[in-house]
Amino acid sequence: MRTLRLLLGAAGLALTGYGLYGLLTDAYVTDPLGVLRWAVGGVLLHDGLWVPLLCLLGATLARTTPVRTGLVVAAAVTAVALPAVLRSGDDGGNSSVLPLPYLRNWLLTLAALAVVTAAWAVLAAARRRRRRRSDLT
């Protein structure tokens, strides 16, 4: 097991080095420090905001697996959709850049997720009640 961890760690460091080499030598990357700031900002946003917020919500509001799962999926969907939602309408004169109604689609996705989560929670509660009744008899 120790050897496997060392090999995976070495492979990860090699891939990281290859990525940094590509970042620093790519002719299309004109501001490597800007890319680095963006990457560090993403890590800070994830570890400093998303994860603590989800843990807090999960510990206080969501006592069941369906609700916790729904919150995690909603956060992931939001993280992916938010850049397009915030830039909607900012096409810079090119209507094909952001052609869809991203805010509406994001809200519809969250609504569908809420329906699925609620249905799952209701089914899980009914299953628990059924088990309790069968345990009593």
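Placed above this text is the structure.
For the structure given in this document, a descriptive report is provided here. (Residues numbered from 1 in each chain as written. Predicted model: local features only at pLDDT ≥ 70, side-chain atom pairs only at ≥ 80, totals over all residues. Heavy atoms only, no water.)

### Digging into the pattern of salt bridges
Alright, step 1. Applying the stated criterion across every chain yields a total of 1 salt bridge.
Alright, step 2. Of the charged contacts, one joins aspartate 31 and arginine 37 as a salt bridge, the two residues approaching to 3.7 Å between their closest N and O atoms. (Salt bridge = Lys/Arg side-chain N within 4 Å of Asp/Glu carboxyl O.)

### Brief notes about helix H4 (residues 102–136)
Alright, step 1. The end-to-end C-alpha separation of H4 is 51 Å, in line with the 51 Å expected for 35 residues at 1.5 Å each.
Alright, step 2. Turning to H4, its buried residues are Tyr102, Trp106, Leu113, Thr117, Ala124 and Ala125.
Alright, step 3. Structurally, H4 contributes buried residues whose contacts are with helix H3 (65–87). (Helix = DSSP H or I, 4+ residues; strand = E, 2+ residues; numbered from the N terminus. Expected span 1.5 Å × (residues − 1). Buried < 20%, exposed > 50% of the residue type's maximum accessible area, 1.4 Å probe, protein only. Contact = heavy atoms within 4.5 Å.)

### Here's the deal with a nonpolar patch on the surface
Alright, step 1. A contiguous nonpolar patch, built from Leu33, Leu36, Val40 and Leu44 and spanning about 400 Å² of accessible area, is present on the exposed surface.
Alright, step 2. On the basis of relative accessibility, which here comes to 56%, the residue leucine 33 falls in the exposed class. (Patch = residues over 30% accessible without salt bridge, like charges linked within 9 Å, V, L, I, M, F, W, Y side chains within 5 Å. Areas by Shrake-Rupley, 256 points an atom, 1.4 Å probe, with all protein chains shown as cover.)

### Concerning the packing of H3 against H4
Alright, step 1. Running from amino to carboxyl end, H3 crosses H4 at an angle of 175°, the nearest separation of the two axes being 9 Å. Of the possible angle classes, the one that applies to H3 and H4 is roughly antiparallel. Residue-level inspection shows Thr65, Pro66, Val67, Thr69, Gly70, Val73, Ala74, Val77, Thr78, Ala81, Ala84 and Val85 of H3 in contact with H4, the latter providing Tyr102, Leu103, Trp106, Thr109, Leu110, Leu113, Thr117, Trp120, Ala121 and Ala124.
Alright, step 2. Residues that form the contact of H3 with H4 fall into these classes: 16 nonpolar, 6 polar and no charged. (Axes fitted to C-alpha atoms, helices over the stretch in contact; angles between N-to-C directions. Parallel < 35°, antiparallel > 145°, perpendicular 65-115°, else oblique. Nonpolar A, V, L, I, M, F, W, Y, C, P; charged D, E, K, R; others polar.)

### Structural notes on the environment of leucine 86
Alright, step 1. The residue leucine 86 is located in helix H3 in this model.
Alright, step 2. For leucine 86 and leucine 110, which are 24 residues apart along the polypeptide, the C-alpha to C-alpha distance reads 16 Å.

### Some points on the environment of valine 116
Alright, step 1. Counting through the fold element by element, valine 116 comes out in helix H4.
Alright, step 2. On the basis of relative accessibility, which here comes to 54%, the residue valine 116 falls in the exposed class.
Alright, step 3. Taking C-alpha positions, valine 116 is 8.3 Å from glycine 70, a pair spaced 46 residues apart along the chain.

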